[in-house]
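Chain by chain, the residues run as shown.
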2 protein chains.
Amino acid sequence: MKDARPCSIADTLALVGEKYSLLVLREVSLGATRFDQLVRNTGAPRDVLATRLKRLVEADLLEKVAYSERPPRHEYRATRAGRELEPVLLTLMAWGDRHLNEGDRPMVIEHAGRRGRPGGSLGDHELVPLVVCAQCGEEVHHDDLTAHPQVPGWTATGPAKT
Amino acid sequence: MKDARPCSIADTLALVGEKYSLLVLREVSLGATRFDQLVRNTGAPRDVLATRLKRLVEADLLEKVAYSERPPRHEYRATRAGRELEPVLLTLMAWGDRHLNEGDRPMVIEHAGRRGRPGGSLGDHELVPLVVCAQCGEEVHHDDLTAHPQVPGWTATGPAKT
DNA sequence: GTCAGTGGGTTTGATTTCCGGACTCACCAA
DNA sequence: TTGGTGAGTCCGGAAATCAAACCCACTGAC
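Please read all numbers here as calculations on a predicted model, not as lab measurements.

Trainee: Where do I start with the relation of the copies chain B and chain A in this structure?
Mentor: Each of the two chain copies can be generated from the other by rotation about an axis followed by a shift along it. Rotating chain B by 180° and translating it 0.0 Å along the rotation axis places it on chain A, where the RMSD comes to 0.0 Å. The operation mapping one copy onto its partner corresponds to a two-fold rotation axis. Rotation axis and chain B: the residue whose C-alpha lies nearest the axis is B:Val131, separated from it by 2.2 Å. Interface residue correspondence from chain B to chain A reaches 100%, placing this contact among same-surface, isologous pairings.

Take a look at the structure:
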């Protein structure tokens, strides 16, 4: 892992790319916030889960919130940074639905309509996640993209040869 | 990992969630398609990379394309399914840029304007990936979402108790 | 008051995976 | 003949994973 391309994808994966981390965020986002729920729903070994939770709390993606004093009990809640990973989860899910589970999706997400609210017209409907460019509003296509590494010594395809 | 919640996120991660797999797809998408480039740019040990590549080719996310007969040489190219993971990479990158590398992004993606093309008005600009709902066009907010597990025995927060 | 149960972990010891470096093999070029 | 490249494979030690057992503070039922 030394000397690899400097990149926010790698940085993000270093934080949440280990096995189970993203599944933990999925569960928390679904409302399963307690240790034993996380064990059951992710299938992670208890010790691994404990390690992951420690890291996610340190990184401020989750926080421990007490829900009982005596006996001391707490649950894990997503922070703002944690919630902002939800688009990643939705995009992963959309890919898996399309390419791995075509025709029998294990889960469907309902998107509440915004009737009466600013810009809203449609009622409740199924969520279909799509990545667009916030600047121009258009769907993102590979052929419209050009990468510009900002770090000296790197080009799009590798380290500049010295 | 046994008995965990059935879910396309988990299924997708089972395929591309191992260390380096997504970095390989990043590199291929950037145009670094050869074994030694992938070693240098991802930092993966050579044997691990060989294993990952084998899996990605089997899963039809990458394909081996010969670019020389004698000596036999080939490069790895993304298939359609592989390219469709790009939104995941872009979303991960956006998160890392915001939360890990605020103020000095290691890479900037330029988005080609579609002046003159259908719906286009803006010139070239920086890509800012955003997840919206394809049905209604609106940005996705956690509070508008409701998950509906399709698999009997599971609720949003865990297995239905028997 | 004892006994089983629950929530949230930690400990243990065996198995897997990862790692960096050295090695291979086929070919080309000087 | 020597050196270099591309695409791996092989090796032995270090680290991570796993399932299962254990722990501890507390509770509620008998």
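After that view of the structure, there is still more to cover.
Trainee: Just checking my understanding: could you explain the protein's contact with DNA strand C for this structure?
Mentor: In the vicinity of DNA strand C, 20 residues are found, and the nearest of them are A:Arg46, A:His74, A:Tyr76, B:Lys19 and B:Arg52. When the atoms of DNA strand C within 4 Å of the protein are grouped by moiety, sugar and phosphate amount to 62% of the total. Within the contact set of DNA strand C, a sugar or linking oxygen lies 3.1 Å away from a side-chain nitrogen or oxygen of A:Arg73. B:Arg52 has a polar side-chain atom sitting 2.6 Å from a phosphate oxygen of DNA strand C. Only α3 (35–42), α4 (46–58), β1 (62–68) and β2 (73–78) of chain A together with α4 (46–58) of chain B provide two or more residues apiece to the surface near DNA strand C. The biggest single contributor to the surface near DNA strand C is α4(A), with 4 residues.

Trainee: Just checking my understanding: could you explain the UniProt feature "domain: HTH hxlR-type" (unreviewed entry) in chain A for this structure?
Mentor: Mapped onto the present numbering, the UniProt feature "domain: HTH hxlR-type" (unreviewed entry) falls on residues 15–102 of chain A. Secondary structure over residues 15–102 of chain A splits into 58% helix and 15% strand, and the C-alpha atoms at its two ends are 30 Å apart.

Trainee: So what exactly am I meant to see when it comes to the sheet that holds strand β6 (residues 145–149) of chain A here?
Mentor: In a beta sheet, neighbouring strands pair by backbone hydrogen bonds and run either parallel or antiparallel. Judged by pairing direction, the sheet is antiparallel, and its 3 strands sit side by side in the order β6(A)-β3(B)-β4(B) without closing on themselves. Each edge of the sheet is formed by a strand with only one pairing partner; in this case those strands are β6 of chain A together with β4 (125–126) of chain B. The sheet contact formed by β6(A) and strand β3 (residues 107–111) of chain B spans 5 bridges and is antiparallel. Paired with A:Pro149 across the bridge in β3(B) is B:Met107.

Trainee: When you look at the interface of chain B and chain A in this model, what are you seeing that I'm missing?
Mentor: Opposite the 92 residues of chain B that make contact, chain A presents 92 residues. When the two sides are added together, the surface that chain B and chain A hide from each other amounts to roughly 7,900 Å², 64% of it contributed by carbon and sulfur. Contact with chain A buries area across many residues of chain B, yet B:Ile9, B:Trp95 and B:Asp144 alone supply 9% of it, more than any other trio. Across the pair B:Glu27 and A:Arg5 runs a salt bridge whose closest N-O atoms are separated by 2.6 Å. Seen at the junction of chain B and chain A, the total is 36 residue pairs in polar contact (both at pLDDT 80 or more). For the side of chain B that touches chain A, the element with the most residues is helix α6 (residues 86–99) of chain B, which contributes 13 residues. Classifying every residue of the side of chain B that touches chain A gives 47 nonpolar, 25 polar and 20 charged. When strand β5 (residues 129–133) of chain A meets strand β5 (residues 129–133) of chain B, the two strands line up antiparallel, connected through 5 bridges. Pairing of A:Val131 across the sheet is with B:Val131, part of β5(B).

Reading the values: the criteria
Residues numbered from 1 in each chain as written. Chains lettered and ligands numbered in written order. Predicted model: local features only at pLDDT ≥ 70, side-chain atom pairs only at ≥ 80, totals over all residues. Heavy atoms only, no water. Least-squares fit on C-alpha atoms with pLDDT ≥ 70 in both. Contact = heavy atoms within 4.5 Å. Near = heavy atom within 4 Å. Polar contact = N/O pair within 3.5 Å; in protein donor to acceptor, adjacent residues only side chain to side chain. Helix = DSSP H or I, 4+ residues; strand = E, 2+ residues; numbered from the N terminus. UniProt positions renumbered as here; feature names shortened; annotations may be inferred. Pairing = 2+ DSSP bridges. Buried area = accessible area lost by both parts, 1.4 Å probe. Salt bridge = Lys/Arg side-chain N within 4 Å of Asp/Glu carboxyl O. Nonpolar A, V, L, I, M, F, W, Y, C, P; charged D, E, K, R; others polar.

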